[in-house]
Amino acid sequence: MEQRTLGGDLVVSAIGLGCMGMSQSYGPNPGDRYEMISLIRAAVDRGVTFFDTAEVYGPYVNEELVGEALAPVRDQVVIATKFGFRFDDQGRQTGLVSRPGHITAVQPVTAIQSEYSLWWRRPEAEVLPTVEELGIGFVPYSPLGKGFLTGTIDQGTAFTSSDIRATIPRFSEENRKANQALVDLLGTIARRTAATSAQIALAWLLARKPWIAPIPGTRRLTRLEENTGAADVELTPDDLTEIETAAAQIQVHGARYPEHLERMTGL
């Protein structure tokens, strides 16, 4: 797979793997831990060298899963993790903490991680110009709009109470219907290029800047192969112009998070 450099010297695969959903947030948790370990190792076999986790996913559970899966190839991959939450004895979040005792090393900033996709483009206003000026990489999470940009979700899709999308205004039935125009745009390009909607959404991100490395997540091998295949999709200048022109005329409906979660993003 194509390699990309973040922050001047951190080399990662162009497409990474976000591992959060293997432990939480998208419906019932996987029944077999070893299926997820197998999936992570399958990603390595397909050229993925960039894996994302965080202490808050579980908490700790996802870091342990990723660590176990990648232990045999630890010197061949890059693992990104995140921190800054305080937990009680039951593992519940009780606030934020960034004290030196919790964050034990000071390092140069290699990459910034933030939501970014055709569904959420706010980073283009200030964040992307800033990281480009400073030579910092950018890692988009939810590059497929939490699954919406894949074209597999429509107004009739039902989410369980354990699925975070059940709480997100953008995923209300009414807003999904209104936002279908964006999925239709991706589908039009996909049919012309013999790709999938998800691959076009990821290829669009890769075409934005050479220091962008998205981290789509999945629990299924077929989706992993589809996502990694996006690295081989080449959008022409005409394709990119068509996407940009059409997207500029599409208003995305609904907030990306409930208000209390949006306040925590700092964006």
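For the structure given in this document, a descriptive report is provided here. Predicted, not measured: the structure shown is a model, and the values here were computed from it.

Here the focus is the overall build of the protein. Summing up its helical and strand segments, the protein has eight helices and nine strands in all. Here the C-alpha atoms of the protein give a radius of gyration of 18 Å, agreeing with the 18 Å that 2.2 N^0.38 yields for 267 residues. In the protein, buried positions account for 44% of the 267 residues. In the protein, the proportion of contacts linking residues at least 24 apart, taken out of those at least 6 apart, comes to 74%. As displayed, the protein has an accessible area near 13400 Å², and 51% of this comes from carbon and sulfur atoms.

What follows is about the nonpolar core. Generally speaking, soluble globular proteins have nonpolar side chains that are buried together. Residues L118, L149, I200, L235 and I243 are the most contacted members of the largest nonpolar core, which totals 40 residues. Elements represented by at least two residues in this core include exactly α3 (127-134), α4 (173-193), α5 (197-208) and α7 (237-247). By residue number, the principal contributor to this core is α5, which donates eight residues. Excluding residues that lie within four positions of it along the chain, I200 makes contacts with L186, I189, A190, T193, A195, V233, L235 and I243. Core analysis: the second largest hydrophobic core is formed by 19 residues, I37, I40, A43 and L65 among them.

Let us look at the pattern of salt bridges. Counting across every chain of the model gives 18 salt bridges. E124 is the salt-bridge partner of R121, the closest N and O atoms lying 3.0 Å from each other. In this structure R121 comes out as partly exposed when scored by relative accessible area, which is 21%. What makes E124 partly exposed here is its relative accessible area of 24%. In this structure, a network of salt bridges that share partners links the residues E115, K146, R256 and E262.

Within helix α6 (residues 221-229), the full set of buried residues consists of L224, E226, N227, T228 and G229. Residues of α6 that are buried in the fold lie against β3 (17-18), α1 (33-45) and α5.

Conventions adopted
- Residues numbered from 1 in each chain as written.
- Predicted model: local features only at pLDDT ≥ 70, side-chain atom pairs only at ≥ 80, totals over all residues.
- Heavy atoms only, no water.
- Helix = DSSP H or I, 4+ residues; strand = E, 2+ residues; numbered from the N terminus.
- Rg over C-alpha atoms; globule rule 2.2 N^0.38 Å.
- Buried < 20%, exposed > 50% of the residue type's maximum accessible area, 1.4 Å probe, protein only.
- Contact = heavy atoms within 4.5 Å.
- Areas by Shrake-Rupley, 256 points an atom, 1.4 Å probe, with all protein chains shown as cover.
- Core = buried A, V, L, I, M, F, W, Y, C linked by side-chain atoms within 4.5 Å.
- Salt bridge = Lys/Arg side-chain N within 4 Å of Asp/Glu carboxyl O.

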